[in-house]
Amino acid sequence: MTTQTSGAATGTPELDAPWRDTRLAPAERAAALVAVMTLEEKIAQLVGVWVGADASGGGVAPHQADLTQDVPPWDTLVQHGLGQLTRPFGTVPVDPASGARSLAASQEQIMAASRFGIPAQVHEECLAGFAAWQATAYPVPLSWGASFDPALVAEMSRQIGESMRAAGVHQGLAPVLDVTRDYRWGRTEETIGEDPYLVGTVGAAYVRGLEDSGVVATLKHFAGYSASRSGRNLAPASMGPRELGDVILPPFEMALRLGGARSVMHSYAEVDGVPAAADEGLLTTLLRDTWGFDGIVVADYFGVKFLETLHKVAADATQAAHLALRAGVDVELPTVDAYGPALVEAVRRGDVPEALVDRALDRVLTQKAELGLLDPGWQALPTDVETLTLDDAERQDVALRLAREAVVLLTNRDATLPLAPGARVALVGPLADQPMAMLGCYSFPAHVGVHHPDHAVGIDIPSVRTALAEHHDVTYARGCDVIDPDTSGIAEAVERARDADVCVVAVGDRAGLFGRGTSGEGCDATDLRLPGVQAELVEAVLATGTPVVLLLLTGRPYALGGLADEAAAVVQAFFPGQLGGVALAEILTGAVSPSGRLPVSIPAHPGSQPGTYLSPPLGHRSSVSSVDPTAAFPFGHGLGYASISWGEASVVGAGPGDRAAWAVDGEVQVEVTLENTGDVAGADVVQLYLHDHVAQVTRPVVRLVGYARVALEPGESRRVTFTVHADLTSFVGLAGHRVVEPGDVDLLVSRSSAEVSTRLALRLVGEERRADHSRELVTGVEVGAPTGGRP
């Protein structure tokens with residue numbers, strides 16, 4: 001259809017207006033439109049509307065029920081135009097084609113109601129897939145991290161973006177780039193891991209895939225959200241500039257520079273007393289002036305209002321709006337509140353400078369021009385809407401491949417796994433026959449579908465029991481619930497285990513929101529014990545003497561204590577998506593060799609938090625404390641069935657035994673050869689860590705600076721070459737800026753953060769050098785073509 005526009009109230013089409021001219025740059029078109037808009041029309045472009053919001057108390061955002069009761073009627077909301085539409089697919093189950101038609105009708109109403117006929121920018125959640133009914137549910141971000149496979153993550157996000165684009169959605173609220181700091185935090189499942197290099201490289205790959213599909217990626221949550229005290233959601237974050245600069249911020253830099261993200265969502269966090277939504281230093285000075293970001297900053301849901309209601313740094317919604325606009329928040333989401341009529345009056349009174357409104361508006365309209373939303377021939381209804389499919393064989397193939405790569409084999413005593421053909425297998429536990437155990441809290445069935453129990457799930461999600469039955473005859477008993485303390489079913493589970501050759505016990509989390517689960521947004525933990533009475537179930541089954549495979553389906557790592565030592569094998573999966581049950585069955589039976597590596601450490605003790613592997617010397621075991629924080633399983637750990645040997649790594653060009661010279665502005669190359677010496681195909685992950693002997697501030701004992709996933713058929717070998725720039729050694733120094741410091745360092749070619757294969761001694765030579773936002777961010781990796789192999 002042809003949109004109607006006019007600079008006057010007559011509704012006369014102005015298809016030749018400058019802002020309609022596709023020959024002009026998007027910024028020029030936006031400026032031309034800003035110049036002819038009224039104040040009401042300007043501010044209308046700075047808000048979203050969540051017409052499907054549920055005010056009954058069963059919402060999907062914090063304080064949603066409190067903050068959506070006074071939303072004006074639809075006709076009033078759109079009379080001056082509208083900036084964004086919030087989650088038209090992700091609020092209730094709706095057939096994809098029907099949803100697309102409904103969205104198009106809403107867009108036509110928006111365009112017809114206002115003078116300029118500008119459609120809304122539509123956003124949706126897409127963390128574990130397009131959050132829509134009947135859309136593929138992929139593994140959660142912790143599984144992305146466990147795969148150590150950015151290319152596959154990019155393939156996944158490209159599929160997600162293509163689905164969203166086909167349905168009429170322009171912007172995705174992902175990825176989450178928060179670096180895990182305390183596993184008790186409920187949103188740990190949404191993070192990629194505890195290392196900023198892993199989070200940044202995998203997160204940037206996700207962004208590239210989404211942006212390549214034509215959908216705007218939104219980086220969240222900027223910044224510091226995951227460092228909340230005691231792992232409590234929205235609790236204050238206590239950190240200094242070095243933790244912020246060296247751990248929290250790098251993934252956002254990487255996703256902007258390497259991924260090309262066009263949107264950033266501010267965090268709910270307050271760091272050192274300053275809420276992110278009011279932090280001009282963060283959202284403008286750093287993000288825009290230093291990093292050069294020119295996209296839009298959107299509010300986390302109700303985050304502007306929270307400046308008044310939760311943070312108490314604003315007396316009312318208008319002051320909150322002023323603080324947010326000044327800081328650099330361009331769009332209020334999910335619905336109109338602080339950026340509403342009261343803001344219009346405040347601007348008219350001179351309490352809020354109109355220049356702040358114009359600055360945000362210019363960014364919003366520039367992005368709309370980039371998306372084609374200002375073009376004369378823009379169509380509200382997507383093409384091929386009648387055949388719109390969001391879950392098919394191609395998408396499921398990627399979901400399955402990622403699930404396979406993300407499963408981590410922690411232990412395997414006496415080669416208990418893979419399960420022997422014909423073995424009598426008992427399958428017990430609350431998650432053994434629970435399809436929802438595969439999904440994180442931002443997967444549509446767990447996020448929205450649970451509020452509609454009479455509605456079909458919309459996708460096929462095989463449970464472990466269903467999938468394993470394709471390979472083995474199994475007996476089953478539930479044993480207990482994830483949360484309920486009832487132990488009456490444990491006796492039946494013990495009976496099943498006693499009569500079997502091996503017992504698989506499936507325990508872990510139930511994803512939910514705001515206390516309705518054991519993992520997910522608002523589902524924080526007081527300690528890291530398995531929820532409910534699941535540990536009692538495992539102990540009872542172990543006592544039978546039957547070999548036990550402990551299968552963990554979780555959104556965070558749990559301290560297993562003696563359970564891990566007594567189990568014959570331990571398998572960890574982080575909400576592996578709708579085909580996770582299939583992947584787990586393949587790995588348990590040996591059809592696939594496990595190759596996932598831990599993106600988070602697994603603690604030895606349930607109360608040993610907070611702490612991750614990224615700790616300076618006194619953060620590790622020492623003689624000055626009786627508490628040993630050493631992890632039971634370190635970051636990067638993982639086993640497989642394939643026999644893969646590693647050769648001695650070397651620095652290219654360095655003599656044996658030398659401490660190789662490394663210029664403070666130069667590169668070094670590290671090489672290592674891997675060979676599959678067994679009869680089973682598999683993959684290994686070569687990890688490269690940096691150890692700094694002496695620095696001007698305390699530094700982590702080791703930190704990841706590179707990795708390579710290497711797949712090998714039996715008999716094959718491959719050479720891996722890392723090219724490491726000295727910028728990868730930089731850190732925030734005493735003066736408060738990033739430096740590359742001369743001195744002795746080691747590069748550790750490792751199987752995990754605690755298992756070194758080869759230690760390479762180097763010396764950074766030259767004068768101390770300042771490194772800025774233009775520095776090299778990623779180690780180059782080349783995995784050579786396979787040689788050898790068996791016929």
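Note that this is a predicted model, so its numbers are computed, not measured.

Undergrad: I tried to follow the overall build of the protein on my own but got confused; where do I start?
TA: Along the protein, the regular secondary structure elements total 22 helices and 29 strands. Against the compact-globule benchmark of 28 Å for 791 residues, the protein has a radius of gyration of 27 Å, which places it among compact chains. Viewed in the frame of its principal axes, the protein has a C-alpha envelope of about 80 × 65 × 55 Å. Within the protein, the proportion of its 791 residues that are buried is 61%. Long-range pairs, those at least 24 residues apart, make up 80% of the contacts in the protein between residues at least 6 apart in sequence. Averaging the positions of the 57 positive and the 98 negative side-chain charges in the protein gives two centres separated by 3 Å.

Undergrad: Would you explain the sheet that holds strand E24 (residues 738-740) in this entry?
TA: The pairing of strands in a sheet happens through backbone hydrogen bonds and is either parallel or antiparallel. What the three strands build is an open sheet, ordered E23-E24-E27; its pairing is antiparallel. Of all the strands in the sheet, the pair left with one neighbour each is strand E23 (731-732) and strand E27 (769-770). Sheet topology note: the E23/E24 ladder contains two bridges and is antiparallel. Bridging across to E24, valine 732 finds its partner in arginine 738.

Undergrad: Is there a simple way to explain the pattern of salt bridges in this structure?
TA: Inspection of every chain in the model, using the stated rule, returns 44 salt bridges. In this structure, arginine 719 and glutamate 671 form a salt bridge, with 3.6 Å as the shortest nitrogen-oxygen distance. Of the two residues, arginine 719 sits in strand E22 (residues 716-725) while glutamate 671 sits in strand E19 (residues 667-676), which places them 48 residues apart along the sequence. Overall, the relative accessible area of 47% leaves arginine 719 in the partly exposed class. Here the salt bridges share partners, and the residues they tie into one network are Arg659, Asp744, Asp746, Arg759 and Arg763.

Undergrad: Looking at this structure, how should I read a negative patch on the surface?
TA: On the surface, a cluster of negative charge is contributed by Glu536, Glu539, Asp565 and Glu566. Of all the secondary structure elements, the ones that give two or more residues to the negative patch are helix H20 (534-542) and helix H21 (562-566). Residue placement: glutamate 536 occurs in helix H20. For glutamate 536, a relative accessible area of 42% corresponds to the partly exposed category.

Undergrad: Help me out: how do you make sense of helix H19 (residues 490-498) in this one?
TA: At 3.6 residues per turn, the α-helix brings residues three or four places apart onto the same side. Listed as buried for H19 are Ile490, Ala493, Val494 and Ala497. Burial along H19 is one-sided: seen end-on, the buried residues are contained in an arc of 100 degrees. Looking at the buried residues of H19, the elements they touch are strand E11 (425-428), strand E12 (474-477), strand E13 (502-508) and H20.

Undergrad: Whenever I open this one, the confidence of the model for the protein confuses me. Can you help?
TA: Reading fine detail from the predicted coordinates is not recommended where pLDDT is low. When pLDDT is averaged across the protein, the result is 93; 95% of the residues are at 70 or more. Here residues 1-13 is modelled with pLDDT under 50, and outside its nearest four sequence neighbours on either side it reaches 39 contacts, counting other chains as well.

Undergrad: Would you explain the sheet that holds strand E18 (residues 660-663) in this entry?
TA: Ordered by their spatial adjacency, five strands build an open sheet running E18-E26-E25-E20-E21, and the pairing between neighbours is mixed. Among the strands making up the open sheet, the edge pair consists of E18 and strand E21 (703-712). Looking at each pair of strands side by side, their axes are set apart by 30 degrees on average, direction ignored. Pairing of E18 with strand E26 (residues 755-765), which is carried by four bridges, proceeds in the parallel orientation. Counterpart to tryptophan 662 in the pairing with E26 is leucine 764.

Undergrad: Which parts of the structure should I look at to understand the nonpolar core?
TA: Considering soluble globular proteins, one finds that nonpolar side chains tend to be buried as a cluster. Counting 216 residues, the largest nonpolar core has Phe130, Phe222, Tyr339 and Leu747 as its most contacted members. Setting aside its immediate chain neighbours within four residues, tyrosine 339 contacts Ile43, Leu46, Val47, Val304, Ala321, Ala324, Leu325, Val329, Asp330, Val331 and Glu332. Ranked by size, the runner-up nonpolar core spans 34 residues in total, among them Leu409, Met438, Val571 and Ile587.

Undergrad: In this structure, what is going on with helix H8 (residues 196-212)? I would like to understand it.
TA: In this model H8 runs 23 Å from its N-terminal to its C-terminal C-alpha over 17 residues, within 8% of the 24 Å that 1.5 Å per residue would give. Most of H8 is tucked away: 15 of the 17 residues are buried. The N-capping residue of H8, defined by a side-chain oxygen 2.8 Å from the backbone nitrogen of tyrosine 197, is aspartate 195. Just downstream of H8 lies glycine 214, where phi reads positive at about 95 degrees.

Undergrad: Would you take a moment to explain the packing of aromatic side chains for this structure?
TA: The way to describe two aromatic rings as a pair is by their centre distance and the angle between their planes. For the structure shown, the criterion picks out 15 aromatic pairs. Taking 5.8 Å as the distance between ring centres and 85 degrees as the angle between the ring planes, the aromatic pair formed by tyrosine 225 and tyrosine 268 counts as edge-to-face. With tyrosine 225 in the loop between strand E5 (216-222) and helix H9 (241-248) and tyrosine 268 in the loop between strand E6 (263-266) and strand E7 (270-271), the pair connects residues that are 43 residues apart, well separated along the chain. Both residues of the pair, tyrosine 225 and tyrosine 268, count as buried. Both rings, one in tyrosine 268 and one in phenylalanine 306, keep their centres 5.5 Å apart while their planes meet at 45 degrees; by these two values the pair is tilted. With tyrosine 268 in the loop between E6 and E7 and phenylalanine 306 in helix H12 (residues 303-309), this pair connects stretches of sequence that are 38 residues apart. The burial state of tyrosine 268 is the same as that of phenylalanine 306; both residues are buried. Grouping aromatic residues by their ring pairs yields a cluster made of Phe148, Tyr197, Tyr613, Phe635, Tyr689 and Tyr707. Of note, arginine 751 hangs over the ring of tryptophan 646, and the distance from its end group to the ring centre comes to 4.3 Å.

Undergrad: Even after reading the chapter, I still don't get the environment of valine 407, so can you show me in this structure?
TA: Tracing the chain through its elements places valine 407 in the loop between helix H16 (393-406) and strand E10 (408-412). Taking the C-alpha atoms as reference points, valine 407 and threonine 673, separated by 266 residues in sequence, lie 24 Å from one another. Sequence-distant contacts of valine 407, that is, excluding residues within four places in its chain, are made with Val571, Gln572, Ala573, Leu584, Ile587, Pro594, Ser595 and Gly596.

Undergrad: Please clarify how the side chain of aspartate 684 should be interpreted in this entry.
TA: Within the secondary structure layout, aspartate 684 lies in strand E20 (residues 682-692). Engagement of the side chain of aspartate 684 in a polar contact is seen with the side chain of arginine 597, the distance being 2.8 Å. When neighbours within four sequence positions are excluded, aspartate 684 is seen to be in contact with Arg597, Ile644, Trp646, Leu674, Ala708, Arg709 and Val710.

Undergrad: Looking at this model, I keep getting lost on the environment of glutamate 354. Mind explaining?
TA: One can find glutamate 354 in helix H15 (residues 354-370). Glutamate 354 gets classed as partly exposed once you look at its relative accessible area, which sits at 34%. Put simply, glutamate 354 and lysine 42 are 312 residues apart on the chain and 9.7 Å apart in space, counted from C-alpha to C-alpha. In terms of polar contacts, glutamate 354 uses its side chain to reach the side chain of lysine 42, at 2.8 Å.

What counts, and at which threshold
- Residues numbered from 1 in each chain as written.
- Predicted model: local features only at pLDDT ≥ 70, side-chain atom pairs only at ≥ 80, totals over all residues.
- Heavy atoms only, no water.
- Helix = DSSP H or I, 4+ residues; strand = E, 2+ residues; numbered from the N terminus.
- Rg over C-alpha atoms; globule rule 2.2 N^0.38 Å.
- Buried < 20%, exposed > 50% of the residue type's maximum accessible area, 1.4 Å probe, protein only.
- Contact = heavy atoms within 4.5 Å.
- Lys, Arg positive; Asp, Glu negative; His and termini not counted.
- Charge placed at Lys NZ, Arg CZ, Asp CG, Glu CD.
- Pairing = 2+ DSSP bridges.
- Salt bridge = Lys/Arg side-chain N within 4 Å of Asp/Glu carboxyl O.
- Patch = residues over 30% accessible without salt bridge, like charges linked within 9 Å, V, L, I, M, F, W, Y side chains within 5 Å.
- Areas by Shrake-Rupley, 256 points an atom, 1.4 Å probe, with all protein chains shown as cover.
- Arc of directions from axis to C-beta.
- pLDDT = per-residue confidence, 0-100.
- Axes fitted to C-alpha atoms, helices over the stretch in contact; angles between N-to-C directions.
- Core = buried A, V, L, I, M, F, W, Y, C linked by side-chain atoms within 4.5 Å.
- Expected span 1.5 Å × (residues − 1).
- Polar contact = N/O pair within 3.5 Å; in protein donor to acceptor, adjacent residues only side chain to side chain.
- Phe/Tyr/Trp six-rings, centres within 6.5 Å; stacked < 30°, edge-to-face > 60°.
- Lys NZ or Arg CZ within 6 Å of the ring centre and 35° of its normal.

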